[in-house]
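The primary structure of each chain is shown beneath.
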Amino acid sequence: MTDTATPRTPVVDVLCVGAGFSGLYAAYKAREHGWTFAGFEKAPDVGGTWFWNTYPGARCDVESIYYSYSFDEELQKEWTWSERFAPQAEILSYINHVADRFDLRRHFQFDTKVTEANWLPDEHLWELTLDSGAKRRGRYLLAGSGGLSTPKDVDVPGLQNFSGLVVSTSRWNISLDDLAGKRVAVIGTGSSGVQCIPLIAKVAEHLTVFQRTPNYVFPARNAPMAPEVVDEIKSKYPDIRQECRYSPGGIPDRPVTDKAFDVSDEERQRRYEAAYERSGFLGVGAEFADLLFDLEANKTAADFFRGKIHEIVRDQKTATLLEPQFPLGAKRSCFGTDYYETFNRPNVSLVSLRDDPLTTMTAGSIVTEHSEHEVDAIVLAIGFDAFTGPLFGLNVTTPDSGRLQDAWSDGVRTYLGMMTAGFPNFFMIAGPQSPALASNVVMTIEQSVDWITDLIAIARAKGIEVVEATVEGQNDWVNITELTVNQTLYATTDSWYRGSNVAGKPSTFMGYVGGVGHYRRICEEIARRGYPGVALDGRSVAAGIGRIDEEVAEATPATASEEVHAEVATVVGG
Ligand code: N01
């Protein structure tokens, strides 16, 4: 294969956007294959989501021993996590350590935004335009731009009138001390709001929490890592990682087969109590196999949880306002430390925007239909334009298909969440319709990069320059993701999972929820069969992913539907 580099437009094998977990591993793999690689990162350094989300309390809610790379045995042996759920700063140190240890930083250009990506069909190349105006060309384009990296546009009425301090959790640029002694408002009670609210409450003169949709906030039960536990895990790491790779959620599984009404009321209560103590993604929401499939079963878990809020929060009116009303697990559960306890503090109050909608702001207050709240500072924890926000920001374009945002104007359509028809040699690392949203995402990222780079390597070995998902293959995958999610209660609830948090965004479920292990087996089987659903230099193997999905399901003792139930159940958590 000969590159057609000119001095002005050097050609590399792999272009990549983003220097977070995805981009760094892509650089590592590209180098392992002997390919040239050019990465572009808009931040001044590595870290991706962990570079930007520095708000107080930011930490992972997947245990750090799993939420870390598994590709290098020495790396996982030499790194020791200090806590069960490491704080943002420690995760960022880890990512920096990986970048240094494998000398990956030199493959990236920082402080550089990719503004356009154009496919040049005659040359079989992608050409990137950078914010400096410079162009870079390469054979393959990998989007490692992350699912939750583009903050949602601010859609809070009247914010432009407010003259106090405004800070967003996803672009935090102050210290917690800057809020000390101030009257602070937090708008938003998703994972970000839930993590920062207890810490802000400790320093603020008064904190008013503006809540639109109450969420399920389980106790994180964070704790220092005991040295003997660390030693034990390290001694078994390869086996643990292998289990994670074929697990439902990318973390060690705790399989359940019985259903909520298989047991007596007392037994069910007893099991929920134990699960609540355990917490985490294998907690209450994963205690019975039918919790995310049967509304009545789910209600038993939701009622149990709502009871917990009333036990913790002293003011019962506030407790009622904090009660989530959607099925447990149907959108991302939150994990917090002292979240509900914070509402017992005398300096904390709650405004339910469902009952008292926010109408506007003045220079020094937030005005709702029935009240006015004087504040000095506003913390926005309003979430992200998930998956499509970062991808559309790249303006990925081909002459035949136009821009990605036009091709997806009716909703996301992907092949395995990694490719999309009409966009040759373009790959999304852990993209929409992959298991990313309902998994330990680092595990999904590794699997995604491995599968993509294997495909590229096979194509190159055969002298094939262009690989592209077929429409048939993509249709198959979209059907599978929809059939899978439509068996679940995810289908009933609005959230960023469906894009419904962003006005005007077409509703598509953004993930595959059949389980990390099931997905991996499908991807492996597709590779083994010569990539059905992918056209290699225009020649395609018939799609038929649906058949592969059924066969993979049938190859296990459970029926397809029961397997999906069991796999999904442990992806939900809480
Ligand atoms: O965002 P969210 P997030 N007026 O979209 C409210 C990951 N994450 O940044 O639900 C008033 O969940 C909105 O209300 P509603 C994790 O995957 C992980 O908190 O739309 N309120 C909601 O309450 C997570 O799921 C970690 O009615 C408005 C909140 O703002 C994902 O990131 C930590 C509003 C947004 O919640 C996103 O979490 C942090 C408006 N105009 C994040 N617009 C951990 O690992 C929105 N809201 C722990």
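Above this text is the structure in question.
No experiment lies behind these values; they were computed from the predicted model shown. (Residues numbered from 1 in each chain as written. Predicted model: local features only at pLDDT ≥ 70, side-chain atom pairs only at ≥ 80, totals over all residues. Heavy atoms only, no water.)

> Looking at this model, I keep getting lost on the state of the cysteines. Mind explaining?
Every disulfide links exactly two cysteines, by a covalent bond between their sulfur atoms. Under the criterion given, the structure shown has zero disulfides. A disulfide-free cysteine, Cys-244 has its sulfur positioned 13 Å from the sulfur of Cys-60, the nearest such atom. Cysteine Cys-523 remains unbridged, with the sulfur of Cys-244 as its closest cysteine sulfur at 17 Å. (Disulfide = S-S within 2.5 Å.)

> What am I meant to see in the site of the ligand here?
Surveying the vicinity of the ligand reveals 26 residues, the closest of which are Lys-152, Asp-155, Ser-192, Thr-213 and Trp-496. At a separation of 3.0 Å, an oxygen atom of the ligand approaches a polar backbone atom of Ser-191. In the environment of the ligand, an oxygen atom lies 2.7 Å from a nitrogen or oxygen atom belonging to the side chain of Ser-192. Contact with the protein chains removes 88% of the 910 Å² of surface that the ligand exposes when unbound. Per element, the largest residue contribution to the shell around the ligand is three residues, and it comes from helix H5 (residues 191–203). Per-class residue counts for the shell around the ligand are 10 nonpolar, eight polar and eight charged. (Near = heavy atom within 4 Å. Polar contact = N/O pair within 3.5 Å; in protein donor to acceptor, adjacent residues only side chain to side chain. Areas by Shrake-Rupley, 256 points an atom, 1.4 Å probe, with all protein chains shown as cover. Helix = DSSP H or I, 4+ residues; strand = E, 2+ residues; numbered from the N terminus. Nonpolar A, V, L, I, M, F, W, Y, C, P; charged D, E, K, R; others polar.)

> Can you walk me through the side chain of Thr-169 in this structure?
Secondary-structure assignment places Thr-169 in the loop between strand E7 (165–168) and strand E8 (183–187). On the basis of relative accessibility, which here comes to 3%, the residue Thr-169 falls in the buried class. For Thr-169, the contacting residues outside a window of four places in its chain are Trp-52, Asn-53, Thr-54, Tyr-55, Ser-192, Cys-196, Val-379, Leu-380 and Ala-381. (Buried < 20%, exposed > 50% of the residue type's maximum accessible area, 1.4 Å probe, protein only. Contact = heavy atoms within 4.5 Å.)

> Just to check I follow, could you spell out the packing of helix H15 (residues 516–528) against helix H16 (residues 545–554) for this structure?
A pair of packed helices can be characterised by two numbers: the angle between their axes and the separation between those axes. In contact at an axis separation of 10 Å, H15 and H16 are set at 125 degrees when each is read in the N-to-C sense. Comparing the axis directions of H15 and H16 gives the class oblique. The handedness of the crossing between H15 and H16 is right-handed. Contact with H15, carried on its side by His-518, Arg-521, Ile-522, Glu-525 and Ile-526, involves Ile-545, Ile-548, Asp-549, Val-552 and Ala-553 of H16 and no other residues of that element. For the contact of H15 with H16, the class distribution of residues is six nonpolar, one polar and three charged. (Axes fitted to C-alpha atoms, helices over the stretch in contact; angles between N-to-C directions. Parallel < 35°, antiparallel > 145°, perpendicular 65-115°, else oblique. Left-handed = near helix turned anticlockwise from the far one by under 90°.)

> I tried to follow the pairing of strand E9 (residues 206–211) on my own but got confused; where do I start?
Both faces of the sheet carry side chains from a regular strand, because those side chains alternate between them. Of all six residues that make up E9, five are buried, and the element is covered over most of its length. In this structure, E8 lies alongside E9, joined through five bridges in parallel fashion. Looking across to E9, one finds that Arg-183 is bridged to His-206. In this fold, the crossover linking E8 to E9 by way of H5 has right-handed handedness. (Pairing = 2+ DSSP bridges. Right-handed = clockwise from strand over helix to strand, strands pointing away.)

Note that every value here comes from positions in space, so none of it alone points to a role or purpose.
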